[in-house]
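# Survey of secondary and tertiary structure
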Amino acid sequence: MFHSKFKDIKRLKEITSAMFDEGFDFVLRNIELRYLVPLGKRLRFKMEEKKEIPLGIRLRRLFEKLGPTFVKFGQILSMRPDLVGQETADELSKLQDRASPFDPRAAKHLIEKELGKPISKFFKQFDEKPAAAASLAQVHRAVLKNGEVVALKIQRPQMKEIIEEDVHLMFHLAKLLEKMPEIAIRRPVDLVKEFAESTFTELDFELEAQRMERLRQSAEQVKNAKVPKVFWAHTTTRLLTMEYVEGKRIDDAKALKKADINPKNLAKIGAEVLFRQYFIDGFFQADPHPGNFFALKDDYGNDVLCLHDFGMVGFLNHESRSGMLKCISTFAAGNVEGYIESIMRFAILGEGADIEGFRRKARLIAEKMFFSPSKARAIAQILQDILNAALGFRVRFPTNLALFARSFFILSNVGAKLDPDFDLTAVANKFLKIAAAKEVKSLTKFEGVPSKIFEYIQFAKYLPERTQKLLEKIEKGELDVKINLSEIKNLKAELDRENDIRIFAILTGTIFIGSVILTATENRLALFGAPVGYIGLAISVAMFLWLLRLIKQKAR
């Protein structure tokens with residue numbers, strides 16, 4: 001216990017000292033931690049001339065000084081311009097590739113510990129020089145016994161323990177920072193919580209491998225797109241073994257030209273891959289910067305785009321996907337008000353939120369971009385700018401929507417660099433049609449209808465009983481609640497109505513189940529030339545819709 005406390009104090013002193021060095025003295029004063037900074041440093045500080053350095057640069061340097069946990073935190077902040085501002089986010093994005101490699105002997109030791117046998121039992125070749133190094137892991141090239149070339153993603157030694165210790169202190173600092181109104185609006189405690197959840201998830205390489213498999217299946221639906229396959233027999237929580245793909249970074253114009261790879265093809269493939277992730281799968285790569293994409297030629301001479309690094313992903317549920325697709329359709333139609341309303345559906349209002357002020361600001365941003373000459377690129381810019389403006393009005397948006405906006409924005413910029421004539425709206429419209437067709441198909445197949453019917457049957461079945469029990473508790477004085485008796489004077493009539501609904505619901509479910517059985521067993525019984533099973537399904541759907549209306553209808 002004492003040792004742990006001593007380590008915490010020592011680390012906290014390192015953090016506060018680094019904050020002081022980077023000009024965050026005013027923060028330390030406000031959270032009353034300035035006393036932890038060595039006295040000599042504080043005295044020298046008074047004699048030194050203070051230089052005005054942009055916040056983003058000071059934050060980047062601070063995180064670099066404090067090590068991998070804070071580097072990772074900075075990387076995540078770089079994806080949240082809605083919280084830190086676009087300039088700061090751009091500066092923090094430079095943290096992506098600045099990690100130093102660790103000793104290859106430690107990498108070998110971890111491989112042997114994870115696989116339970118000497119490295120020579122699994123690999124006939126292991127390149128000691130890392131192919132890449134990041135804040136949480138580094139990658140080595142190796143060759144399996146069967147001759148397949150693989151990439152080994154190896155977690156940094158003691159990484160989980162280091163992050164746990166730092167996160168503990170980050171929570172402490174975040175609680176203190178919430179005393180400062182200008183920082184409290186950014187919800188530092190919630191932000192650290194999201195960071196901790198994301199980072200500890202990212203430390204589980206088996207989970208990342210599962211994500212890779214999921215995204216690989218998605219990429220297979222796009223011509224000339226690729227995600228490396230996973231070698232599960234050589235993958236553990238701290239070791240990820242995947243197919244080794246040798247390619248060129250998509251932002252290396254000279255290398256692409258030398259390899260005779262057309263950047264315009266890469267822009268199109270990348271857009272199609274990510275749009276499928278966004279709007280069809282609802283599961284997307286949250287950090288699509290150029291370093292996570294390689295370009296290569298396949299055996300037939302086609303340009304291929306390979307996606308890498310799936311430690312950071314985002315999710316869009318059905319409602320979010322529908323909302324974003326509506327944004328695209330209203331953007332294409334030039335419907336400013338429709339676009340604003342689609343965005344506002346996701347707004348989370350903080351205390352003292354200026355909702356009307358935010359609407360006006362969002363409308364100004366939209367009107368400026370909806371009819372600009374560069375409209376093809378504005379489709380991603382507009383969403384990013386509106387979300388970035390929200391904080392000033394004490395309005396915020398769900399994290400996954402912010403991650404989508406950032407990912408979408410990066411895609412737009414990378415696509416434009418690869419192909420100046422790149423039209424993101426054309427790809428967006430294509431997937432708008434695909435998603436719409438998928439919705440129609442799901443309806444015609446009655447997807448989800450059975451579960452919904454049984455939900456409403458259960459609702460109708462038990463509501464009278466539960467309401468009766470509630471009344472009994474009120475009569476006996478067992479329920480401590482204030483209630484206006486005039487509000488329950490029609491309850492008996494409501495109970496009678498619900499009983500009728502219950503009978504109707506059971507009848508609807510019976511017809512539906514019987515029809516499904518007839519259809520599933522390919523029963524050839526027909527009525528007026530149409531299969532009885534399909535007729536029954538149509539009738540049950542009509543009854544189901546009527547049932548919904550009855551349930552929502554108030555008692556007379």
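Here's what I pulled together on the structure shown here. (Residues numbered from 1 in each chain as written. Predicted model: local features only at pLDDT ≥ 70, side-chain atom pairs only at ≥ 80, totals over all residues. Heavy atoms only, no water.)

### Structural notes on the packing of aromatic side chains
- This model, assessed by the stated rule, comprises 20 aromatic pairs.
- Look at F63 and F70: their rings are 6.4 Å apart centre to centre, the planes differ by 25°, and that puts the pair in the stacked class. F70 carries the same exposure label as F63, and that label is buried.
- With a centroid separation of 5.2 Å and 50° between ring planes, the pair formed by F283 and F315 is classed as tilted. Taken together, the residues span a long stretch of sequence, with F283 in strand 8 (residues 283–285) and F315 in strand 11 (residues 313–315) at a distance of 32 residues.
- The class for F315 is partly exposed, based on a relative accessible area of 40%.
- In textbook terms, an aromatic cluster arises when at least three aromatic residues are bridged by ring pairs, as seen for F275, Y278, F279, F284, F404, F408 and F431.
- If you follow R58 out to its NZ or CZ, it ends over the ring of F24, 4.9 Å from the centre.
- Over the ring of F205 we find K153; its NZ or CZ atom is 5.2 Å from the centre of that ring. (Phe/Tyr/Trp six-rings, centres within 6.5 Å; stacked < 30°, edge-to-face > 60°. Buried < 20%, exposed > 50% of the residue type's maximum accessible area, 1.4 Å probe, protein only. Helix = DSSP H or I, 4+ residues; strand = E, 2+ residues; numbered from the N terminus. Lys NZ or Arg CZ within 6 Å of the ring centre and 35° of its normal.)

### Let's talk about the packing of helix 5 (residues 68–77) against helix 11 (residues 188–202)
- Put simply, helix 5 and helix 11 touch, their axes get as near as 11 Å, and they point 110° apart. Between helix 5 and helix 11, the angle is such that the two are roughly perpendicular. Where helix 5 crosses over helix 11, the handedness of that crossing is right-handed. Judged by residue contacts, T69, K72, F73, I76 and L77 of helix 5 engage L191, F195, S198, T199 and E202 from helix 11. (Axes fitted to C-alpha atoms, helices over the stretch in contact; angles between N-to-C directions. Parallel < 35°, antiparallel > 145°, perpendicular 65-115°, else oblique. Left-handed = near helix turned anticlockwise from the far one by under 90°. Contact = heavy atoms within 4.5 Å.)

### Structural notes on helix 14 (residues 263–281)
- End to end, helix 14 covers 26 Å across 19 residues, agreeing with the expected 27 Å (1.5 Å per residue, within 8%).
- Counting buried residues in helix 14 gives 14 out of 19 residues, a clear majority hidden from the surface.
- By the N-cap criterion, in which a side-chain oxygen at the helix start approaches the backbone nitrogen of a residue two or three places on, helix 14 is capped by N262, the distance to K264 being 3.0 Å.
- Two residues or fewer after helix 14 comes G282, characterised by a positive phi angle close to 70°. (Expected span 1.5 Å × (residues − 1). Polar contact = N/O pair within 3.5 Å; in protein donor to acceptor, adjacent residues only side chain to side chain.)

### Details of the pairing of strand 3 (residues 137–144)
- For strand 3, a buried count of 6 out of 8 residues is recorded, marking the element as mostly surrounded by other parts of the structure.
- Of the pairings in the sheet, the one linking strand 1 (residues 123–126) to strand 3 comprises 3 bridges and is antiparallel in character. What sits directly across from Q125, in strand 3, is V143.
- Of the strand pairs in this sheet, strand 2 (residues 132–133) and strand 3 are connected by 2 bridges, and their pairing is antiparallel. Paired with A132 across the two strands is V139, which belongs to strand 3.
- Taken together, strand 2 and the strand that follows it, strand 3, pair antiparallel across an intervening segment of 3 residues.
- As paired strands, strand 3 and strand 4 (residues 149–155) are joined by 7 bridges and run antiparallel to one another. Note on strand 4: the bridge partner recorded for V139 is K153.
- Counted between consecutive antiparallel strands, the loop separating strand 3 from strand 4 contains 4 residues, among which G147 sits at a positive phi close to 95°. (Pairing = 2+ DSSP bridges.)

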